[in-house]
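Listed below are the residues making up each chain.
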Amino acid sequence: MSKRLPLVLRPLRRPPQPPGPPRCLRVPCRAGSTGGGGREALLGQRRLQDARARSSCIPGGRAPDSIVSVSVLSVLGYFGVTEKKICAIIRKRSRAGDDNLTQEINQNLAKEAGLNITHICLPPDSSEVEIIDEILKINEDTRIHGLALQILENSLSNKVLNALTPEKDIDGVTDINLGKLVRGDAHECFVSPVARAVIELLEKSGVNLDGKKILVIGAHGSVEAALQCLFQRRGSLTMSSQWKAPQLQSKLHEAEVVVLGSPKPEEIPLAWIQPGTTVLNCSHDFLSGKVGCGSAEVHSSGLIEEDNVSLLAAALRIQNMVSSGRRWLREQQHRRWRLHCLKLQPLSPVPSDIEISRGQTPKAVDVLAKEIGLLADEIEIYGKSKAKVRLSVLERLKDQANGKYVLVAGITPTPLGEGKSTVTIGLVQALTAHLNVNSFACLRQPSQGPTFGVKGGAAGGGYAQVIPMEEFNLHLTGDIHAITAANNLLAAAIDTRILHENTQTDKALYNRLVPLVNGVREFSEIQLARLKRLGINKTDPGALTEEEMSRFARLNIDPATITWQRVLDTNDRFLRKITIGQAGTEKGYSREAQFDIAVASEIMAVLALTDSLMDMKVRLGKMVVASDKSGQPVTADDLGVTGALTVLMKDAIKPTLMQTLEGTPVFVHAGPFANIAHGNSSVLADKIALKLVGEEGFVVTEAGFGADIGMEKFFNIKCRASGLVPNVVVLVATVRALKMHGGGPSVTPGVPLKKEYTEENIQLVADGCCNLQKQIQIAQLFGVPVVVAVNVFKTDTRAEIDLVCELAKRAGAFDAVPCYHWSVGGRGSVDLAQAVREAASKRSRFQFLYDVQLPIVEKIRTIAQAVYGAKDIELSPTAQSKIDRYTEQGFGNLPICMAKTHLSLSHQPDKKGVPRDFILPISDVRASIGAGFIYPLVGTMSTMPGLPTRPCFYDIDLDTETEQVKGLF
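Computed from a predicted structure; not experimentally measured.

Procedures and definitions
- Residues numbered from 1 in each chain as written.
- Predicted model: local features only at pLDDT ≥ 70, side-chain atom pairs only at ≥ 80, totals over all residues.
- Heavy atoms only, no water.
- Helix = DSSP H or I, 4+ residues; strand = E, 2+ residues; numbered from the N terminus.
- Buried < 20%, exposed > 50% of the residue type's maximum accessible area, 1.4 Å probe, protein only.
- Contact = heavy atoms within 4.5 Å.
- Areas by Shrake-Rupley, 256 points an atom, 1.4 Å probe, with all protein chains shown as cover.
- Pairing = 2+ DSSP bridges.
- Axes fitted to C-alpha atoms, helices over the stretch in contact; angles between N-to-C directions.
- Salt bridge = Lys/Arg side-chain N within 4 Å of Asp/Glu carboxyl O.
- Phe/Tyr/Trp six-rings, centres within 6.5 Å; stacked < 30°, edge-to-face > 60°.
- Lys NZ or Arg CZ within 6 Å of the ring centre and 35° of its normal.
- Parallel < 35°, antiparallel > 145°, perpendicular 65-115°, else oblique.
- Left-handed = near helix turned anticlockwise from the far one by under 90°.
- Nonpolar A, V, L, I, M, F, W, Y, C, P; charged D, E, K, R; others polar.

K.L.:
Before we go on, may I ask you to explain the overall build of the protein in this structure?
P.N.:
Looking only at helices and strands, one finds 35 helices and 32 strands in the protein. For the protein, with 969 residues in total, the buried portion stands at 57%. Pairs at least 24 apart in sequence give 74% of the contacts found in the protein among residues at least 6 apart. Looking at the protein as shown, the accessible area adds up to about 39,700 Å², and 51% of this sits on carbon and sulfur atoms.

K.L.:
Explain the sheet that holds strand β30 (residues 933-938) here, please?
P.N.:
Paired through backbone hydrogen bonds, the strands of a sheet run either parallel or antiparallel to each other. Taken in spatial order, the three strands make up an open sheet running β28-β29-β30, and their pairing is mixed. Since the sheet does not close on itself, it has two edges, and those belong to β28 (872-875) and β30, each with one partner. The sheet shows a mean angle of 50° between the axes of neighbouring strands, direction not considered. Relative to β30, strand β29 (residues 919-928) runs antiparallel, the two being bridged by six bridges. If you follow Ser928 over to β30, its bridge partner there is Phe933. Sitting on the sheet, helix α34 (residues 856-868) is in contact with β28, β29 and β30, with an inclination near 135° to β28.

K.L.:
Teacher, can you tell me more about the pattern of salt bridges here?
P.N.:
Across all of its chains, the model carries 39 salt bridges by this definition. Where Glu702 meets Arg444, a salt bridge forms, and the shortest distance between an N and an O atom there is 3.4 Å. One end of the pair, Glu702, is in strand β24 (residues 698-702); the other, Arg444, is in the loop between β11 (439-443) and α16 (448-452), with 258 residues separating them in the sequence. Of the residues examined, Glu702 reaches a relative accessible area of 5% and is grouped as buried.

K.L.:
Just checking my understanding: could you explain unusual backbone geometry for this structure?
P.N.:
In most cases, non-glycine residues show a negative phi, while peptide bonds are predominantly trans. Following Ser348, the chain continues into Pro349 via a peptide bond in cis, with omega recorded as 0°. Tracing the chain through its elements places Pro349 in the loop between α11 (306-332) and α12 (353-359). A cis amide bond links Ile467 to the next residue, Pro468, at an omega of -10°. Take Pro468: it is sitting in the loop between β13 (464-467) and α17 (469-473). Of note, Leu476 is a non-glycine position whose phi angle comes to about 55°, a positive value. Tracing the chain through its elements places Leu476 in the loop between α17 and α18 (479-503).

K.L.:
Please clarify how the packing of aromatic side chains should be interpreted in this entry.
P.N.:
Two measures describe an aromatic ring pair: the distance that separates the ring centres and the angle between the ring planes. Within the structure shown, the criterion is met by twelve aromatic pairs. With a centroid separation of 5.4 Å and 65° between ring planes, the pair formed by Phe523 and Phe552 is classed as edge-to-face. Here Phe523 is found in the loop between β15 (520-521) and α20 (525-533), whereas its partner Phe552 is found in helix α21 (residues 546-553), with 29 residues between them in sequence. Of the two residues, Phe523 and Phe552, both sit in the buried class. These aromatic residues form a ring-pair network of at least three members: Tyr405, Phe714, Phe715, Phe782, Phe846 and Phe848. The cationic tip of Arg720 hangs over the ring face of Phe848; the distance from NZ or CZ to the ring centre is 4.1 Å. Seen from the ring of Tyr868, Lys900 lies directly overhead, with NZ or CZ sitting 4.8 Å from the centre.

K.L.:
Honestly, the side chain of Ser928 in this entry has me stumped. Any pointers?
P.N.:
Looking at the secondary structure, you find Ser928 in strand β29. Residue classification places Ser928 among the buried positions, given a relative accessible area of 4%. Those residues within four positions of Ser928 in sequence are excluded, and the remaining contacts are Glu602, Phe933 and Tyr935.

K.L.:
Please explain the environment of Pro362 as it appears in this structure.
P.N.:
The topology assignment puts Pro362 in the loop between α12 and α13 (365-371). Look at Pro362 and you get partly exposed, because its relative accessible area is 26%. Remark: the alpha-carbon pair of Pro362 and Leu661, spanning 299 residues in sequence, is separated by 7.4 Å. Here Pro362 is in contact with Leu342, Ser385, Ile467, Pro468 and Gln659, once residues within four sequence places are set aside.

K.L.:
Looking at this structure, how should I read the packing of α18 against helix α22 (residues 602-609)?
P.N.:
Taken N-terminus to C-terminus, the directions of α18 and α22 make an angle of 130°; their axes are 9 Å apart at the nearest point. Taken as axis vectors, α18 and α22 run oblique relative to one another. Like other packed secondary-structure pairs, α18 and α22 cross with a definite hand, here right-handed. Along its contact with α18, which presents Ile480, Ile483, Ala486 and Asn487, the element α22 presents Ile603, Met604 and Leu607. Here the contact of α18 with α22 is built from residues that sort into six nonpolar, one polar and no charged.

K.L.:
When you look at the environment of Leu607 in this model, what are you seeing that I'm missing?
P.N.:
Mapped onto the elements, Leu607 comes out in helix α22. Separated by 65 residues in sequence, Leu607 and Pro672 have C-alpha atoms that sit 9.4 Å apart. In this view, Leu607 contacts Ile483, Met649, Ala652, Ile653, His669, Ala670 and Ser682; residues no more than four positions away in its chain are not counted.

K.L.:
When you look at the packing of helix α27 (residues 707-722) against helix α30 (residues 762-780) in this model, what are you seeing that I'm missing?
P.N.:
Packed helices, taken two at a time, are described by the angle their axes make and the gap between the axes. Contact geometry for α27 and α30: axes closest at 10 Å, N-to-C directions at 10°. Here α27 is positioned roughly parallel relative to α30, judged by the angle of their axes. On the side of α27, the interface is formed by Ala707, Asp708 and Met711, while α30 contributes Gln775, Ile778 and Ala779. Here the contact of α27 with α30 is composed, by residue class, of four nonpolar, one polar and one charged.

K.L.:
Looking at this structure, how should I read the pairing of strand β9 (residues 386-389)?
P.N.:
Each regular strand displays side chains that alternate between the two surfaces of the sheet. Of the two faces of β9, the one holding Lys386 and Lys388 and the one holding Ala387 and Val389 are both buried throughout. Two strands pair when backbone bridges link them, and strand β8 (residues 379-382) and β9 are joined in this way by four bridges, in the antiparallel orientation. Looking at the pairing, Glu380 lines up with Lys388 of β9. Where β8 folds back on β9, the antiparallel hairpin that results is connected by three residues, among which Gly383 adopts a positive phi of roughly 70°. Two strands pair when backbone bridges link them, and β9 and strand β22 (residues 656-660) are joined in this way by two bridges, in the antiparallel orientation. Of the residues in β22, the one forming a bridge with Lys388 is Thr656.

This is how it looks when you write it as structure tokens:
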């Protein structure tokens, strides 16, 4: 920009004027030299005439304060940046004429530099609060990259100046920018354009500032401070004075360079300035009609007049705006986060999870968001530690390269779980807090069913947790409640529609569906869409024939085919089969139904697999809830409820940002179970995280239960929906689970572990590693390298751990390492993080297990045989009938989501290790058309869990004085 400055300034000068006596010189010279002439000599006089002419048009001659917003558009293209971004200036006007002249200068400079300028005027009587409010609005506007105050002197309080965010303070008036300048960090801050203009004009005029005596008169605030600092750094002896100071005359006699920072009082004679003194005027009012620049007593030939300073300052301000925009753009590119990680002080023995969580103070979520590159308008804050992230970030970062994609899966677990979430958190803590690598964890939101049932919370454990863990485990930001509301609204719509169709004539039904409002009958948008699907190309409700009205009004749902169930986010076994419609008001319409747990709802699966708000709306509309009596599918669109469902889900679609114990970022979004759904967090959370970490960063997401369930669905369902390709699989194993698979006694929640699990038993571990080897082979079916993470418990011995690592490597794992994050945090998973980084550098040969174009039965058989190790499958008559119906309805080309027990590779939970030669029974088949998969139910799989004899809720309580939750784990 500085190289282009002469080209920028040249067009700003006015056209040649009629010849006349010179008034002021346009170039710096020494006092005592002869005055210059030329076509630019009359700029000062012409400027004053123009200013007076303009000011006469404004009552009182005073312009209102204004805020000038400047957008960095084509100038960014000039600097090699094609995306349009915006910068801003807030300016002060002192006189009407100067105001208009300043606008003209800005417009010309901006035009030359490729900027667009918009003036936002404030009333002249704007209060300090109103000015600050306007500043704060622009601070938060991510399109604006610079602010410069142009406000009357009496409004420029310290409070106003420091309301500017330093990153946008292109006039260098905030205390932070001035402090950096004084400290010598001028490259990290904005410096006053006026002060820079004075220095540049002096240096380019040939004035050697080293040792010069400089007097700055009448300057105030940031300009005075910046001038003094810049002069001192060039070796000058700097003095400051106000116009009425008693020592002014003596200082003027000493000064070799004089800088005038404010209008000269008439009683101060210019004769006090010694001949040969270089004078720079930074004051708009220094040249007055009463002062003749050509007279000897004024020493006008020694002036570098104000127009030169103003023009150069305006250009330097434009340069600051460009620098601000470029800095902002650089920050949007991949960079290593400047993340303030939280320190851990692990205790031994390790306290309870909730005590550890409560002992760490999380960062404010807006601070975390800024650290990882999210903009202020891209987050919606919930309390102090949670924030929703808007999907607009994907559009902003669409050209950003994705980071590495890591999936954490596990071996077949015990009922206690083997710590996949804990490993996920420990891994990202190690990557970011200890290896200084950008990383993001993406987890599912826990259901309240397990939280109050058997398993407890899902925030990780020990020193590898998401915090605050009680907020993570209880309600979070209400996504599951939104799903419950949307799901049950649709369920109510189904039964209500059947009731009304059974009790009304075609005409009465049609008149109620398309009511007369203020004498006008109109179709809603969703009703027009239904007409189009029916092939009825009419928009006037009165134009339909009786046959068309009947087809439109009647869905003719077959109650026996209803697959849409009500849901509740509580384990309640007595809702597994119920009868609805028993009240007399339902006029004898009753049927058997059931409740599922909320996370089994298809709406949860839609949320987890969607990639935009529009895509979610389309998926919700496609959800098939039943068939009509002619065998055709009935959808949410047919029931007219799609728009309402989307409204209920509009906030749930945004991932929730939280943090780990060490202050690294976590997305919590969606929560489908892996045994009765596809068991993965959302596509959107993964996509946003992959952009935020940058090309060298890592996103670590977790799949539910064993690799045979959660990982298989991650690859075959989630990766098909997202188009993302994983780089590494981390397979979590525990000595405890391997002993169970090797023949150890059963593990029961709430019952102390038998001694086989608390004492060294090498043989049980060796025998149980068959399950680990099988899970490694399953991952290899998809062509992704596997790193085994041995989640170490305090009862594990070194010999047991070493044996697991050795057998894992023999089975084809890229590496196998023990992890100690539970007891010491991320430091205990540094070896795992290094192994994952190395594995991710290898080329992935990812492939799907099956072609979706295969028949439904063949896809089920492929999973059963290749993944579970079954000999074959067996379809019940119900399952076969459903498969035939879905195939006929055109849904045969969807992927498969098996609903199967997570406690065994087979359908029998008590069959541990690697069961062989079993027949996998398929009892039923359902279709989640909106989510985009068919899900067979294996054996007696239930979609509503029950509570045990002693649920977790016995230990959960609230301290009514401190309002702290107790007993969560």
